[in-house]
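As a plain string of letters, each chain reads:
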Amino acid sequence: MAASNSDIARIFDEVADLLEIEGANPFRVRAYRNAAQTVASLGEAVAGMVAAGRDLTEIPGVGQDLAGKMVAIVETGKLPLLAELAGRTPRTLEGLLAVPGLGPKRVAALHKALGITDLEGLRQAAAAGKLQTLPGFGAKAEANILAALDRKSKSGDTGRFTLAQAEPQAEALCAHLARSAGVERVVVAGSYRRRRETVGDLDLLVTGAADSPVLQDFTRFPDVRQVTAKGPTRAAVILRTGLQVDARLVPRESCGAALHYFTGSKAHNLAVRNLGIAKGFKVNEYGVFRGEDRIAGRTEEEIYACMGLGYVEPELRENRGEIEAARAGTLPALVRVADIRGDLHAHTNYTDGRDSPREMGLAARARGYEYLAITDHSRRLAVARGLTEERLLAQLDDIDAANDGLDGVTLLKGIECDILEDGSLDLPDAVLARLDIRVCSIHSHFGLSRDRQTERLLRAMDNPLVNILAHPTGRLIGKREPYDVDLDRVMEGARERGCFLEINAQPDRLDLDDVRARRAKELGLRLAISTDAHAAGQLGLLRFGVDQARRGWLEASDVVNTLGLAALRRLLRR
Ligand code: DGT
Ligand code: CA
Ligand code: CA
Ligand code: ZN
């Protein structure tokens, strides 16, 4: 069976990990990482393109070399390069990269000096005090690593998938099931529908005839590795990626009740059910019942109406006050993708992006945007070829030229300026003052104490040129914990100074997350939802940022990039 896009993405990600541990050229590492992400979110199957004899270099970011490797993976399911790398470096070392505080260099050092190859070896060495004997480690680093390992074993390595990883699998399955006889509708419920940042499994609901073969067809889906349950109304499988999927066949008269029940969250369901009980109803996945009579079940709206509630959007269903708000009629009108008028964080081929400013502008125009801020890295970020003053000035000319040739969309001149350890900025004020927008962020010294990290960010924002703090906590989902910072103080400081914080829409960042975004709103701080796109195709990642914003109860008026260009410009002059 031909390899799926997620197989290819996984292999490329492993190659990137192993290359990184070997200390390979960062550009090479990044090429594999970018290709993995592109392939995972591609709208069509690479295997299908190969079968049709199409040229894989059509895929953005894929050159001859990567195209050849993808063909090899499609045809053989394997990549010789990965075997070669794994021969030199044990594959279990990759797992060490997930430990906060361990980058590729440190992992390589642990392997070389102490022969550590896996998490258990790391735990033993740390517990025996061997790590602090290594250059560059020290007692504090050792204690941090032990604490991280402890947290990891407590949370029980969850194997959750980000929404972007789950999405292509969910969509392929839905399309497959929709073709079965007797099927009326297929929806994904559960945490996926609530747009949680990660999902533990997928919960599919199929509405259709009781004799539909849809569940048999489900278990025969090509990407299924193992069937774990199979009955007349429910089946469960594990896909080749490791993602588990439940599917249920429900009759039309109870599909609203089933959708409500299996969307969850469990806490939300219990709260709704208790409201029902207080009114003398029975509430379950088949409907709302008064005695034997089903009084609702066809739609979710009916169910909420029975409880005296307005319709609650799935993103809000966490029992965090949405029931009370629905009763009081004070639910927020959540921000939508269509409200967004532009993107305020994007990279180009001047640094580690793939496309030119003009190409990014064309993509922004195709999305109907009014503006796109070009915000490449500043000089300190050498791995990304961060811009010096001279190269930034050259880019500004290029942006002027691009704007002359672009109707309907405006490229804003910007920068993603590094915040240095002491809170100063990586480029002189005189240069920064020539820009329309300054996005600032931290890419180093994640380990400062809470006080120093907080002071560093506040100090940066003291500079009246700073507009937006990007990826404000630095977390990477499943890979890196947020840095230690007093976020309330940072948010209040931002509001007082006229700065904004970002919801970074990269699916492995989603930083700020839902809870922190909601806190910002409570503190009266507006946010920008930005993609941090590194290629034109990534402007579409916006939807993941909007999902988190919605989970954070944000309305259009809480989001700065729902403003038109003129109003935005006024706001950027602090
Ligand atoms: P996940 O898969 O861990 O990302 O999170 P969910 O929310 O998708 O949870 P899952 O897959 O275990 O169950 C799907 C939904 O089914 C859940 O959100 C609510 C509903 N559900 C599951 N178990 C129970 C239960 O014991 N009581 C109630 N009221 N609802 C439940
Ligand atoms: Ca689930
Ligand atoms: Ca489930
Ligand atoms: Zn960026």
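Residues numbered from 1 in each chain as written. Chains lettered and ligands numbered in written order. Predicted model: local features only at pLDDT ≥ 70, side-chain atom pairs only at ≥ 80, totals over all residues. Heavy atoms only, no water.

The subject of this paragraph is the coordination of the calcium ion (ligand 2). Looking at the calcium ion (ligand 2), one finds its protein donor set to be Asp 201 (O), Asp 201 (OD) and Asp 203 (OD), positioned 2.2 to 2.8 Å from the metal centre. Taken together, the six donor atoms coordinating the calcium ion (ligand 2) span angles of 68 to 165° at the metal, a pattern that classifies the geometry as irregular. Between the calcium ion (ligand 2) and the calcium ion (ligand 3) the interatomic distance amounts to 3.8 Å, and Asp 201 serves as a bridging ligand to the pair. (Donors = N, O, S within 2.8 Å, 3.2 Å for Na, K, Ca; no water. Tetrahedral: all angles 85-135°; square planar, octahedral: opposite > 155°, others 65-115°.)

Next up on the list: the sheet that holds strand E17 (residues 527-530). Spatially, seven strands are ordered E11-E12-E13-E14-E15-E16-E17 in an open sheet, and the strand pairing comes out parallel. Of all strands in the sheet, those bounded by a partner on one side alone are strand E11 (342-343) and E17. In terms of strand pairing, strand E16 (residues 500-504) meets E17 through four bridges, oriented parallel. Within E17, the residue paired with Leu 501 across the bridge is Leu 527. Sitting on the sheet, helix H18 (residues 389-404) is in contact with strand E12 (371-377) and strand E13 (410-418), with an inclination near 160° to E13. (Pairing = 2+ DSSP bridges. Helix = DSSP H or I, 4+ residues; strand = E, 2+ residues; numbered from the N terminus. Contact = heavy atoms within 4.5 Å. Axes fitted to C-alpha atoms, helices over the stretch in contact; angles between N-to-C directions.)

For the bond from Gly 264 to Ser 265, the omega torsion is -5°, close enough to zero to count as cis. The topology assignment puts Ser 265 in the loop between helix H13 (255-263) and helix H14 (266-278). Cis rather than trans, the peptide bond between Asp 511 and Leu 512 has omega equal to 5°. Looking at the element boundaries, Leu 512 is found in the loop between E16 and helix H22 (514-522). Of note in the backbone geometry, Arg 195 takes a positive phi value of approximately 60° without being a glycine. Positionally, Arg 195 belongs in the loop between helix H11 (190-193) and strand E3 (198-199). Accessibility expressed as a relative area gives 11% for Arg 195, which makes it buried. Phi angles above zero are rare outside glycine, and Asn 319 is one such case at about 55°. (Buried < 20%, exposed > 50% of the residue type's maximum accessible area, 1.4 Å probe, protein only.)

Right, let's talk about the pairing of E17 for a bit. Along E17, one buried face is formed by Leu 527 and Ile 529 and the opposite face, lined by Ala 528 and Ser 530, is buried too. On the question of chirality, the crossover connecting E16 to the parallel E17 by way of H22 is right-handed. (Right-handed = clockwise from strand over helix to strand, strands pointing away.)

Turning next to the site of ligand 1. The environment of ligand 1 is made up of 15 residues, and the closest members are Arg 160, Ser 191, Arg 194, Gly 200 and Asp 201. Take Asp 203: an N or O atom from its side chain is 3.1 Å from an oxygen atom of ligand 1. At a separation of 3.3 Å, a nitrogen atom of ligand 1 approaches a polar side-chain atom of Asn 269. Taking 590 Å² as the accessible area of ligand 1 by itself, protein coverage stands at 71%. For the shell around ligand 1, the secondary-structure elements that each account for two or more residues are H11, strand E4 (201-208), H13 and H14. Of the residues contributing to the shell around ligand 1, the split by class is three nonpolar, seven polar and five charged. Each of domain 2 (161-250) and domain 3 (255-328) gives at least three residues to the shell around ligand 1. (Near = heavy atom within 4 Å. Polar contact = N/O pair within 3.5 Å; in protein donor to acceptor, adjacent residues only side chain to side chain. Areas by Shrake-Rupley, 256 points an atom, 1.4 Å probe, with all protein chains shown as cover. Nonpolar A, V, L, I, M, F, W, Y, C, P; charged D, E, K, R; others polar. Domains from an automatic or database assignment.)

By the definition in use, this model includes 43 salt bridges. Of the charged contacts, one joins Asp 7 and Arg 10 as a salt bridge, the two residues approaching to 3.2 Å between their closest N and O atoms. Placement of both Asp 7 and Arg 10 in helix H1 (residues 5-22) is noted, with a separation of three residues, approximately one turn of the helix. One salt bridge connects Asp 400 with Lys 413, and the closest N-O pair in it is separated by 2.9 Å. Highlighted residues: Asp 400 in helix H18 and Lys 413 in strand E13, separated in sequence by 13 residues. The class for Asp 400 is partly exposed, based on a relative accessible area of 35%. Of the residues examined, Lys 413 reaches a relative accessible area of 17% and is grouped as buried. Overlapping salt bridges, with partners in common, bring together Arg 194, Glu 318, Arg 320, Asp 514 and Arg 551 in one network. (Salt bridge = Lys/Arg side-chain N within 4 Å of Asp/Glu carboxyl O.)

Bringing helix H20 (residues 450-462) into the picture now. The end-to-end C-alpha distance of H20, which contains 13 residues, comes to 18 Å, matching closely the 18 Å that a straight helix rising 1.5 Å per residue would cover. Along H20, the residues classified as buried are Gln 453, Thr 454, Arg 456, Leu 457, Leu 458, Ala 460 and Met 461. Contacts from the buried residues of H20 go to strand E15 (468-469) and helix H21 (487-497). (Expected span 1.5 Å × (residues − 1).)

A few words now on the packing of aromatic side chains. Scanning the model with the defined rule gives four aromatic pairs in all. With 4.9 Å between their ring centres and 75° between their planes, Tyr 261 and Phe 262 make a pair best called edge-to-face. When its relative accessible area of 37% is taken as the criterion, Tyr 261 is described as partly exposed. Owing to a relative accessible area of 15%, Phe 262 belongs among the buried residues under this scheme. Its end group placed over the ring of Tyr 192, Arg 195 keeps NZ or CZ at 4.9 Å from the ring centre. Of note, Arg 518 hangs over the ring of Trp 553, and the distance from its end group to the ring centre comes to 3.9 Å. (Phe/Tyr/Trp six-rings, centres within 6.5 Å; stacked < 30°, edge-to-face > 60°. Lys NZ or Arg CZ within 6 Å of the ring centre and 35° of its normal.)

Surrounding the zinc ion (ligand 4) are the protein donor atoms His 345 (NE2), His 347 (NE2), Glu 416 (OE) and Asp 532 (OD), at 2.1 to 2.2 Å. Bound by four donor atoms, the zinc ion (ligand 4) shows angles of 83 to 167° at the metal and therefore irregular coordination geometry. If you list the donors of the zinc ion (ligand 4) from N- to C-terminus, the spacing comes out as H-x1-H-x68-E-x115-D. Note that His 347 is positioned in the loop between E11 and helix H17 (357-366) and Glu 416 in strand E13, a separation of 69 residues in sequence.

Those places that UniProt annotates as "domain: Polymerase/histidinol phosphatase N-terminal" (unreviewed entry) correspond, in this numbering, to residues 342-421. Between the end C-alpha atoms of residues 342-421 there is a gap of 31 Å, over a span that is 32% helix and 22% strand. (UniProt positions renumbered as here; feature names shortened; annotations may be inferred.)

Turning to the pairing of E4, a few remarks are in order. Counting buried residues along E4, seven of its eight residues qualify, which places the element largely inside the surrounding structure. Sheet analysis places strand E2 (residues 183-188) next to E4, joined by five bridges and oriented antiparallel. Counted as the bridge partner of Val 186 is Val 206 from E4.

Moving on: the domain arrangement of the protein chain. Examined at the domain level, the protein chain breaks down into domain 1 (5-155), domain 2 (161-250), domain 3 (255-328) and domain 4 (337-572). The distance between the C-alpha centroids of domain 1 and domain 3 comes to 44 Å.

Taken in spatial order, the three strands make up an open sheet running E8-E9-E10, and their pairing is antiparallel. Of all the strands in the sheet, the pair left with one neighbour each is strand E8 (282-284) and strand E10 (293-296). Mean inter-strand twist for the sheet, computed between neighbouring axes without regard to direction, equals 35°. Here E8 runs beside strand E9 (residues 287-290); their pairing, made up of three bridges, is antiparallel.

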